[in-house]
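Geometric and topological summary
The chain contents come next:
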Amino acid sequence: MKKVYCIGELLIDFVAENQGNDLAKAEVFTKKPGGAPANVACAIAKLGGLSKFIGCVGEDQFGSFLLGVLEDNHVDISLAQRSKNFTTLAFVSIAEDGERDFVFSRGADKKLKYDSKIKKSFQNNIVHLGAATALLGGDLEDAYGRYFFDALTQNAFISFDPNFRSDLWKGDENIFVKKCMPFVQKAHLCKFSLEEARLISGKVNLEECCEFLHEVGTKVITITLGGEGTLLSTETTKHTIPSIPVNPVDTTGAGDAFIGCLLYQIAGLHDPLEILENIDLLIDFVKIANKAGALTTTNFGAIPSLPNLEQLLAIE
Ligand code: ATP
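The paragraphs below set out a description of the structure included in this document. (Residues numbered from 1 in each chain as written. Predicted model: local features only at pLDDT ≥ 70, side-chain atom pairs only at ≥ 80, totals over all residues. Heavy atoms only, no water.)

**Details of the overall build of the protein**
If you tally the helices and strands in the protein, you get 10 helices and 14 strands. The C-alpha atoms of the protein give a radius of gyration of 18 Å, which matches the 20 Å a tight globule of 316 residues would have. Projected onto its principal axes, the C-alpha positions of the protein cover 50 × 45 × 40 Å. The buried share of the protein, taken over its 316 residues, is 54%. (Helix = DSSP H or I, 4+ residues; strand = E, 2+ residues; numbered from the N terminus. Rg over C-alpha atoms; globule rule 2.2 N^0.38 Å. Buried < 20%, exposed > 50% of the residue type's maximum accessible area, 1.4 Å probe, protein only.)

Given below as C-alpha cells:
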C-alpha cells in the first residue's frame, strides 16, 4: 500500500448555530475541525490506508485539538508543524438557503516551512495537494510549490483539488485560476466541483470544460456533481457515474470523502499510473468513491461522517 501525503491546511471552523447568514447576530458557535487536505487524510486513514498530513497549526489548545482529531483517525502527524502564531480560524454561518457569511482569521496554517528531508519519501508514493489556503501566500505557498516540484521529480502520483472558496478570493478569482494552472497542467488526477471546473476552464459547457482541461495537461478529471454522481473524463473517454440514493443532512466533506476514497484505492495499486490505462478499473474506483461521498452526507460534520471500510462495503 502506497502512502498518501496530504498537504495543506488544518483549521478550526466555528459554525454559527441557528442565526441565518448574519455573523453579526450570531451568539453560539460550534467548534469543528476543518481543512480539506486534513479531511482527505482522515478519509484515507479511516478506510485503512496510510496517510500523512503536512500542514501547520498553532502551539495553542486549538492546534492540540486538531492534531488530536487526526491522530484519533489514525492519520500520521509526524510531519505536521506547529507555530507561535495562533491556529487559523474560520467563522461561518450558513442560512437554510445555503447563503454564507464568513470571517477568516488566518494564523498558523500559512507558517508551514518547506523541509527538504521529506522529498525522498515522496518517491513512488502519492502526493495530494489541496489548495484552499495554500495559494493565499505566506510560507505555506512557498512550501507548497516546492513540495509539488519534489513530487514531480520523485515520480510521485500527484492529485490536485483546487478547493476554491469564493469567500477567500472575492474579486481575485483570476489570480486564483492563474495560481492553480501549474497544478492542473501537471497533476495526474484533478478533482473539481462543477463551479471549479467552470472557473478554471472559463467554459460553461461540461464537454468544453473537460476539453480545455485535457488540452492544458490534466490526465484524469473528476468533476463531482453532488447527488448526480461524478463526471469522469480522460483524454479518450467520458462517463457520468451515478451515485447512490441517500437522504443528505449535511454535505460538508463529501468531496473530501470522495477524493480520499479514490486515492485510498489508487494507493493499493502496484503502479498508480495503471488508472491512466485501465478505464474500467477507474470507473469501478469512482463508483466506490461516490458511495463514500454519499455516506458522508448522511450525518453532521465532515470527519465524524467519513465511512470506514466496513460501512463502505455494507452498501450495495
Ligand atoms: P465539498 O463540499 O467537500 O467541496 P464537492 O462539491 O466537491 O464537495 P459533492 O459533489 O457535494 O462534492 O460530493 C462529492 C461526491 O459525493 C459526489 O460526486 C457524489 O458521488 C457524492 N454525493 C454528494 N452528495 C450526494 C447526494 N446528495 N446523494 C448521493 N451522493 C452524493
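**Considering the site of the ligand**
As a structural note, the neighbourhood of the ligand is formed by 19 residues, with K191, T224, G226, S243 and N290 the closest of them. Note that an oxygen atom of the ligand is positioned 2.9 Å from one of the side-chain N or O atoms of T230. Within the shell around the ligand, the residues separate by chemical class into six nonpolar, 11 polar and two charged. (Near = heavy atom within 4 Å. Polar contact = N/O pair within 3.5 Å; in protein donor to acceptor, adjacent residues only side chain to side chain. Nonpolar A, V, L, I, M, F, W, Y, C, P; charged D, E, K, R; others polar.)

**Focus on the nonpolar core**
Within the largest apolar cluster, 51 residues are counted, with the highest numbers of intra-cluster contacts made by L10, L70, L189, L262, L263, I266 and I275. For this core, the element with the most residues is helix α7 (residues 254–267), which contributes nine residues. In contact with L263, other than residues within four places in its own chain, are V4, V40, I44, I126, H128, F157, S159 and L189. In terms of nonpolar packing, the next biggest core, distinct from the first, is built from 44 residues, I54, L112, I118 and I221 among them. (Core = buried A, V, L, I, M, F, W, Y, C linked by side-chain atoms within 4.5 Å. Contact = heavy atoms within 4.5 Å.)

**Quick word on α7**
In this model, α7 (14 residues) spans 20 Å end to end at C-alpha, consistent with the 20 Å of a helix rising 1.5 Å per residue. Across the 14 residues that make up α7, a large majority, 13, are buried. (Expected span 1.5 Å × (residues − 1).)

**Details of the pattern of salt bridges**
Considering all chains together, one arrives at nine salt bridges under this definition. Linking K52 and D76 is a salt bridge whose minimum nitrogen-to-oxygen distance equals 3.1 Å. Note that K52 is positioned in strand β4 (residues 50–54) and D76 in the loop between α2 (61–72) and β6 (81–83), a separation of 24 residues in sequence. When its relative accessible area of 15% is taken as the criterion, K52 is described as buried. Here K84 and E59 are joined by a salt bridge, their closest N and O atoms 3.5 Å apart. Linking K84 in the loop between β6 and β7 (89–94) with E59 in the loop between β5 (56–58) and α2, this pair joins segments that are 25 residues apart in sequence. Accessibility classification places K84 together with E59 in one group, the exposed group. (Salt bridge = Lys/Arg side-chain N within 4 Å of Asp/Glu carboxyl O.)

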